[in-house]
Amino acid sequence: NRITKKDVEAARARAAQQPAPAVPAPTPTALAPTAEVTRIPHTRLRRAIASRLQASKQNAPHFYLTRELDLGPLLALRAEVNAAAERRVSVNDLLVKAAGLALQRVPEANVSWSDDEMLQYAGSDVAVAVASERGLVTPVIRGVEQLGITALAAAISDLAARAGEGRLQQRELEGGSLTVSNLGMFGIDDFAAILNPPQSTILAIGTAKPRPWVDESGQLSVATTCRITASFDHRAIDGALGAQYLQALATLIAHPIQLLI
């Protein structure tokens, strides 16, 4: 039950007598040059975005909660508002308003984390993710809870336009405790977003479309719903608190007249 020196030498001799395996000739495709590569230098904005998001993912322990919400009442309210208002209001405008009011109902979630202390805010300063040709920016709407819905729509439209033109001021990109990121217009059902530091919450809003829906009475129907996934910084917000915030948001969307009061 032992391998001796003689055994090893005999095995080596047998291996040397065996022909080497054939190596297939390289195909013409393997020898062809690679496709042309275009090198695009990073802009200062792209470098800043990459640095902030990398730091966020590395430093902030993310956790995620998802709710599917019936948008029927919200869509009905929007139709009434747009029938009477001079400025049209989008679904996203109403969702930003709801996000801000929900922070007022759950003030413990209206916070951001720092190494030395928790910062809790009195007002609802909500950032809105805007995709421009220059890159993703998140201008902040101050005092969302105090703005009328048409004033809020005008503020969001103005910031989005100036973001596309590169005319935002640095102070307009700072602060806030929550960001709203909406990819519904691209047909995305749901997604999870990376936190916008030092904020503690970001809402990822998917597309609104007809889906099977069981109401509170247990009746099955077809409703226009969307899925909202909230990413939270677990250092500042625990699971139960995050769930309370999403419940407050869901209540406002289910009874959207409260957005106008």
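Up top is the structure these notes are about.
The shown structure was predicted, so the numbers you read here are calculated from the model rather than taken from an experiment.

Criteria and thresholds
- Residues numbered from 1 in each chain as written.
- Predicted model: local features only at pLDDT ≥ 70, side-chain atom pairs only at ≥ 80, totals over all residues.
- Heavy atoms only, no water.
- Core = buried A, V, L, I, M, F, W, Y, C linked by side-chain atoms within 4.5 Å.
- Buried < 20%, exposed > 50% of the residue type's maximum accessible area, 1.4 Å probe, protein only.
- Axes fitted to C-alpha atoms, helices over the stretch in contact; angles between N-to-C directions.
- Helix = DSSP H or I, 4+ residues; strand = E, 2+ residues; numbered from the N terminus.
- Parallel < 35°, antiparallel > 145°, perpendicular 65-115°, else oblique.
- Left-handed = near helix turned anticlockwise from the far one by under 90°.
- Contact = heavy atoms within 4.5 Å.
- Nonpolar A, V, L, I, M, F, W, Y, C, P; charged D, E, K, R; others polar.
- Pairing = 2+ DSSP bridges.
- Salt bridge = Lys/Arg side-chain N within 4 Å of Asp/Glu carboxyl O.

A.B. asks: Let's hear about the nonpolar core: which residues, and what values?
C.D. replies: One finds Leu-203 and Tyr-245 to be the most contacted residues of the largest nonpolar core, which totals 50 residues. Counting 6 residues, the second largest nonpolar core, distinct from the first, contains Ala-60, Ala-193, Leu-195 and Ile-202.

A.B. asks: Lay out the packing of helix α5 (residues 91-105) against helix α7 (residues 239-254) in plain terms, naming residues and giving numbers.
C.D. replies: How two helices pack is summed up by the angle between their axes together with the distance between the axes. Packing of α5 against α7 leaves a shortest axis separation of 9 Å and a crossing angle of 130°. Taken together, the axis directions place α5 and α7 in an arrangement best described as oblique. α7 is crossed by α5, and the crossing has right-handed handedness. Contacts between α5 and α7 involve Leu-95, Ala-98, Ala-99, Leu-101, Ala-102, Leu-103 and Arg-105 from the first element and Tyr-245, Ala-248, Leu-249, Thr-251, Leu-252 and Ile-253 from the second. For the contact of α5 with α7, the per-class residue count stands at 11 nonpolar, 1 polar and 1 charged.

A.B. asks: Would you mind going over the pairing of strand β8 (residues 178-182) in detail, with residue names and values included?
C.D. replies: Most of β8 sits inside the fold, with 5 of its 5 residues counted as buried. Judged by which residues are buried, β8 turns out to be covered on both faces: Leu-178, Val-180 and Asn-182 on one side and Thr-179 and Ser-181 on the other are all buried. Both β8 and strand β9 (residues 201-205) contribute to a ladder of 5 bridges, which runs parallel. Looking at the pairing, Leu-178 lines up with Thr-201 of β9.

A.B. asks: Describe the pattern of salt bridges, naming the residues involved and giving the relevant values.
C.D. replies: Throughout the structure, instances matching the rule amount to 9 salt bridges. Notably, a salt bridge pairs Asp-190 with Arg-227, separated by 3.5 Å at the nearest N-O pair. Taken as a pair, Asp-190 in the loop between β8 and β9 and Arg-227 in strand β11 (residues 220-233) lie far apart in primary sequence, 37 residues in all. Judged by its relative accessible area of 40%, Asp-190 falls in the partly exposed class. Here Arg-235 and Asp-233 are joined by a salt bridge, their closest N and O atoms 2.8 Å apart. Taking relative accessible area as the criterion, Asp-233 reaches 1% and is therefore assigned buried. Bridged by salt links that share partners, the residues Glu-68, Asp-190 and Arg-227 form one connected network.

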